[in-house]
Amino acid sequence: MLVKVFGSAVFGVEATTITVEVNIDKGVGYHLVGLPDNAIKESSYRIAAALKNNGYSLPVKKITINMAPADLRKEGSAYDLTLAVGILVATSQIKAEELSQYVIMGELSLDGGLQPIKGALSIAIKAKEEGFKGFILPIQNVKEAAIVEGLDVYGVENVLQVIDFFEGRGDLQPTLIDTQTEFSRTLEFPEFDFSDVKGQEGIKRCMEIAAAGGHNIILIGPPGSGKTMLAKRMPSILPPMTMKEALETTKIHSVAGKIKDAGLMSQRPFRSPHHTASSVGLV
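Counting restarts for each chain: residues are numbered from 1 in the order of the written sequence. Where local features are concerned, this predicted model is filtered to residues with pLDDT of at least 70; where side-chain atom pairs are given and counted, the filter is 80 or more; whole-chain, interface and lining totals use all residues. Processing note: side-chain calculations cover all non-hydrogen atoms of the structure and skip hydrogens and water entirely.

Colleague: An account of the overall build of the chain is requested, with residue identities and associated values reported.
Modeller: Put simply, DSSP marks the helices as runs of H or I at least four residues long and the strands as runs of E at least two long, and each gets a number from the N terminus on. Broken down by element type, the chain carries 11 helices and nine strands. Any two residues having at least one pair of non-hydrogen atoms within 4.5 Å are treated as being in contact. In the chain, of all internal contacts separated by at least 6 residues, the share reaching a separation of at least 24 is 68%. Summing over all exposed atoms, the chain offers an accessible surface of approximately 15200 Å²; the carbon and sulfur share of this is 53%. Residue-level accessible areas treat just the shown protein chains as cover; the underlying method is Shrake-Rupley with a 1.4 Å probe.

This is the structure:
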């Protein structure tokens, strides 16, 4: 039996939809093709353990899995859940009539639990563009993906929740986030506020001028004089980001795996590279 499941690969900050084709035939063997890296090749061990620990199995048959387009390099462990669901449906262990309407991503633990993935927001944006109904992913990433309107985003904790969802059991509901409220809330309460700085009137005046005019500023002084403290609070006096800038910033942090249980980023980011970083490293 041949089954198609949909996942996604992130290149830079943009996502590309990946079609995972699972074919079950007579014989014995597990063949994974389509330029997968070592993390994906090792997925069979994680999938076998996760399914067995949840009352299902990796069948002793000839399993051929193709990740199309086959000429694109696939990386990371986020395809575990995609492959596992494809194998379950292809071997008739579960029924999933609406499988083709969802993008499925997630890294499996041996007990069937799910680990967070990178680039969830980019994947959600691409899924919406390509007309998918929903996106199933680990619950740790659900807030960033739920920013995308018009796409049902389901955060799951383990593989059993996904199985129950496709078989019409359980009470899994899409996560809804009011993006505008989330955007406004973090604007009013920045993590580091310029009003925290006491004294230092001269440098504060310089930083206000630099922020207002979009100028560069260099801070020179002995250790402990407050250079980093002032620099960290500079974003709180910059003009607020537009929604487009906030989405772009969130997308970059999502791909880098820097968003933990957070939704839309509305504060301008502060980066603190090490003082020994080279100019190439800074760029």
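Colleague: Give me the lowdown on the packing of helix α3 (residues 80–90) against helix α6 (residues 159–166), citing residues and values where you can.
Modeller: To get an axis, a line is fitted to the C-alpha atoms, and for a helix only the part in contact is used. The angle between two axes follows their N-to-C directions and goes from 0 to 180 degrees. Across the interface, α3 lies against α6 with an axial gap of 11 Å and an inter-helix angle of 45 degrees. By the angle class used here, α3 and α6 are oblique. The handedness of the crossing between α3 and α6 is right-handed. Every residue of α6 that contacts α3 at Leu81, Val85 and Leu88 is listed here: Val159, Val162, Ile163 and Phe166. Of the residues in the contact of α3 with α6, the class split is seven nonpolar, no polar and no charged. Working definition: roughly parallel below 35 degrees, roughly antiparallel above 145 degrees, roughly perpendicular at 65 to 115 degrees, and oblique for all remaining angles. Note on convention: near helix rotated counterclockwise from far helix by under a right angle means a left-handed crossing. Clockwise means right-handed. The classification used treats Ala, Val, Leu, Ile, Met, Phe, Trp, Tyr, Cys and Pro as nonpolar, Asp, Glu, Lys and Arg as charged, and all other residues, Gly among them, as polar.

Colleague: So what's going on with the environment of Ala50? Residues and values would help.
Modeller: One can find Ala50 in helix α2 (residues 43–52). We call a residue buried when its accessible area falls under 20% of the maximum for its residue type, exposed when it is over 50%, and partly exposed in between, using a 1.4 Å probe and counting protein chains only. Classification of Ala50 by relative accessible area gives buried; the value is 0%. Each C-alpha atom of the pair Ala50 and Leu160 lies 9.8 Å from the other, and the pair is 110 residues apart in sequence. Residues contacting Ala50, with those up to four places away along its chain left out, are Leu108, Ser109, Leu110 and Gly112.

Colleague: Account for helix α8 (residues 201–213), naming residues and giving values.
Modeller: Helix span, expected: 1.5 Å multiplied by one less than the number of residues in the helix. Counted at 1.5 Å a residue, the expected span for α8 with its 13 residues is 18 Å, and the 18 Å between its end C-alpha atoms agrees. Of the positions making up α8, those classed as buried are Lys204, Met207, Ala210 and Ala211. Summarising the axial view, the buried residues of α8 lie within an arc of 125 degrees, below the 170-degree limit, and thus occupy one face. Exposed positions of α8 whose direction lies more than 90 degrees from the buried face are Glu201, Arg205 and Ala212. The directions from the helix axis to the C-beta atoms are what the arc is built from.

These figures come from the coordinates and say nothing about function on their own.
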